[in-house]
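# Geometric and topological summary
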Amino acid sequence: MKEIVQKENPVLREKSKEVPYKDIASDTIQSVLKDMHEALKEKECGVALAAPQIGVPLRIFIISEKVFIEDEKVKKEEEINIGNNKENNLVYINPKTTKTSKKTCELEEACLSVEGYFGTVTRSKLITVEAYDENGVKFTRGASGLLAQIFQHEIDHLNGILYIDHARDIQKVETQKDEE
Ligand code: ZN
């Protein structure tokens, strides 16, 4: 089980390297993806994860499908048990931003590598990303809302940037002790 590294770890500050196209199908990359899926699955509140967050400085991130389900409001409680919905993460390898809107919005953001905090960031409202999936198929996806925010947050990770570098009003999450 790969631990999610925390903000002090220098790997989060590296500029991650591209995955050579011929390596996408390799055991090495497929096992990195497996580790990422497992690490994200452990985190109930996590919606996405970048490879450097498990200590691997490669340009890969994954997004949990629950983002799309919530975004598109097609979730039916009995039909989909999100907790068990493990392998349906979307994989983005060597993502490139091809378009961003000038219009921005202020959003609350948190990060699995900055546990216990959240802050307000300014993000472009719309973004288009080009990437390869886990089978080496190139695709383009335009996004708004939460998905656009995730794209920008994850691409920042691949460039060694954490949201706390540019967030305002960083606050501690108040945790309530569970009564047992
Ligand atoms: Zn993050």
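Please refer to the structure higher up on the page.
What counts, and where the lines are drawn
Residues numbered from 1 in each chain as written. Predicted model: local features only at pLDDT ≥ 70, side-chain atom pairs only at ≥ 80, totals over all residues. Heavy atoms only, no water. Salt bridge = Lys/Arg side-chain N within 4 Å of Asp/Glu carboxyl O. Helix = DSSP H or I, 4+ residues; strand = E, 2+ residues; numbered from the N terminus. Buried < 20%, exposed > 50% of the residue type's maximum accessible area, 1.4 Å probe, protein only. Pairing = 2+ DSSP bridges. Axes fitted to C-alpha atoms, helices over the stretch in contact; angles between N-to-C directions.

## A look at the pattern of salt bridges
In the structure shown here, the tally under the stated rule is 11 salt bridges. Between Asp165 and Arg13 there is a salt bridge; the shortest N-O distance is 2.7 Å. Taken together, the positions of Asp165 in the loop between helix 3 (145–158) and strand 8 (168–172) and Arg13 in the segment before helix 1 (27–42) put the pair 152 residues apart, joining distant regions of the chain. Classification of Asp165 as partly exposed rests on a relative accessible area of 42%. Residue class for Arg13 comes out partly exposed when judged on its relative accessible area of 40%. The residue Lys96 makes a salt bridge to Glu18 at a minimum N-O spacing of 3.1 Å. Highlighted residues: Lys96 in strand 3 (residues 90–100) and Glu18 in the segment before helix 1, separated in sequence by 78 residues. Classification of Glu18 by relative accessible area gives partly exposed; the value is 44%. Residues joined in a network through salt bridges with shared partners are Glu106, Arg168 and Asp169.

## With respect to the sheet that holds strand 8
Taken together, the 3 strands give an open sheet; going across it, the order is 4-5-8, and neighbouring strands pair in antiparallel fashion. If you trace the sheet from one side to the other, it starts and ends with strand 4 (104–109) and strand 8, each paired once. When strand polarity is set aside, the average angle formed by the axes of neighbouring strands in this sheet is 25°. Where strand 5 (residues 117–124) and strand 8 come together, 3 bridges link them in antiparallel fashion. Opposite Phe118, over in strand 8, you have Gln171 as the bridge partner.

Everything listed here is a matter of geometry and, on its own, says nothing about what the molecule does.
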